[in-house]
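Geometric and topological summary
The lines below spell out each chain.
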Amino acid sequence: MPSQLVDAWKMSNETNIFLLTKIPAAGLKDSYAARTRTVAAQFAHMHNVRLRWMSHSAPELVGKVKPFPRGSEPGKKELKDALRASEKIVAAFLEHCDATGKVKAWNGPPATFLSYLVAHEAHHRGLAMVAMRLAGRKLPEETVYGQWQWGKQRNTR
């Protein structure tokens, strides 16, 4: 049975997938200012940061999962596949951390590492939504607020 840390992590990733699913394809190219990450690049960055942490903390878990090249603009399917793959890696790491009470390369308990990851990704989801809003794309309220209705995300896989 997965730990509460792993359950929380998976719910956070489901929020990413839920939002990504609802973004129109054209919205992936939106950015909030010149020379800033596009919406697609925000999601790619989340995946890349996960892998960067895991390559330092648990390289044996990373396997063949690769980061996106700098400046790449992956499509929805690529992003979803990458986020799901890195979700599994981080989940396995969190399971180990929960069992040992320690996080390699982190100064604090597993719960604070998880809170960092979740906050970091929420920040980038927010930047993605701001980019779309500034580009004239307003997501429906059901999407914006639906991110926080945990049961809905379970249906995005």
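First, a word on scope: everything that follows refers to the structure included in this document. (Residues numbered from 1 in each chain as written. Predicted model: local features only at pLDDT ≥ 70, side-chain atom pairs only at ≥ 80, totals over all residues. Heavy atoms only, no water.)

**Comments concerning the overall build of the chain**
A tally of regular secondary structure across the chain gives seven helices and zero strands. When the helices and strands of the chain are placed in sequence order, the string is α-α-α-α-α-α-α. Computed over its C-alpha atoms, the radius of gyration of the chain comes to 15 Å, within 12% of the 15 Å expected for a compact globule of 157 residues. With 157 residues in all, the chain has 45% of them scored as buried. Residue pairs at least 24 apart in sequence account for 74% of intrachain contacts in the chain once pairs closer than 6 positions are excluded. Accessible surface for the chain amounts to roughly 8400 Å². Of this, 57% is attributable to carbon and sulfur atoms. (Helix = DSSP H or I, 4+ residues; strand = E, 2+ residues; numbered from the N terminus. Rg over C-alpha atoms; globule rule 2.2 N^0.38 Å. Buried < 20%, exposed > 50% of the residue type's maximum accessible area, 1.4 Å probe, protein only. Contact = heavy atoms within 4.5 Å. Areas by Shrake-Rupley, 256 points an atom, 1.4 Å probe, with all protein chains shown as cover.)

**Some details on the layout of surface pockets**
Of the volumes computed, that of the largest pocket is approximately 280 Å³. Around the largest pocket, the lining is made up of 13 residues, and of these R37, H45, N48, R70 and G71 lie nearest the centre. A breakdown of the residues in the lining of the largest pocket according to their chemical character gives four nonpolar, five polar and four charged. (1 Å grid on protein atoms, 1.4 Å probe; cavity = no way out; pocket = protein on both sides within 12 Å on 5 of 7 lines; lining within 4 Å. Points joined across faces, edges and corners; volume = space filled by probe spheres on them. Nonpolar A, V, L, I, M, F, W, Y, C, P; charged D, E, K, R; others polar.)

**Considering the side chain of T38**
With respect to the helices and strands, the residue T38 is situated in the loop between α1 (4-22) and α2 (39-57). You can call T38 buried: its relative accessible area is 12%. Within the local environment of T38, its side chain forms a polar contact with the side chain of E73, the two groups lying 2.6 Å apart. If near-sequence neighbours (up to four positions away) are discounted, T38 is found in contact with L28, K29, D30, S31 and E73. (Polar contact = N/O pair within 3.5 Å; in protein donor to acceptor, adjacent residues only side chain to side chain.)

**Comments concerning helix α4 (residues 76-100)**
For α4, spanning 25 residues, the distance from its first C-alpha to its last is 36 Å, which sits close to the expected 36 Å at 1.5 Å a residue. Looking one or two residues past α4, G101 carries a phi angle of roughly 80°, positive in sign. (Expected span 1.5 Å × (residues − 1).)

**Points about the nonpolar core**
By size, the foremost hydrophobic cluster in this structure holds 19 residues, and its most contacted members are W9, M54, F93, L94 and F113. With six residues, the single largest contributor to this core is α4. In this structure M54 touches P59, V62, I89, V90, F93 and F113, once residues within four positions along its chain are discounted. Within the second largest apolar cluster, 18 residues are counted, among which are I23, L28, L79 and M132. (Core = buried A, V, L, I, M, F, W, Y, C linked by side-chain atoms within 4.5 Å.)

**So, the pattern of salt bridges**
Two side chains carrying opposite charge are able to pair once their charged atoms lie near each other. If you walk through the whole model with that rule in mind, you get three salt bridges. Residue E121 is joined to R50 by a salt bridge in which the shortest nitrogen-to-oxygen separation is 2.7 Å. You can see E121 sitting in helix α5 (residues 110-134) and its partner R50 sitting in helix α2, a full 71 residues away along the chain. Accessibility assignment for this pair places E121 and R50 in one class, buried. (Salt bridge = Lys/Arg side-chain N within 4 Å of Asp/Glu carboxyl O.)

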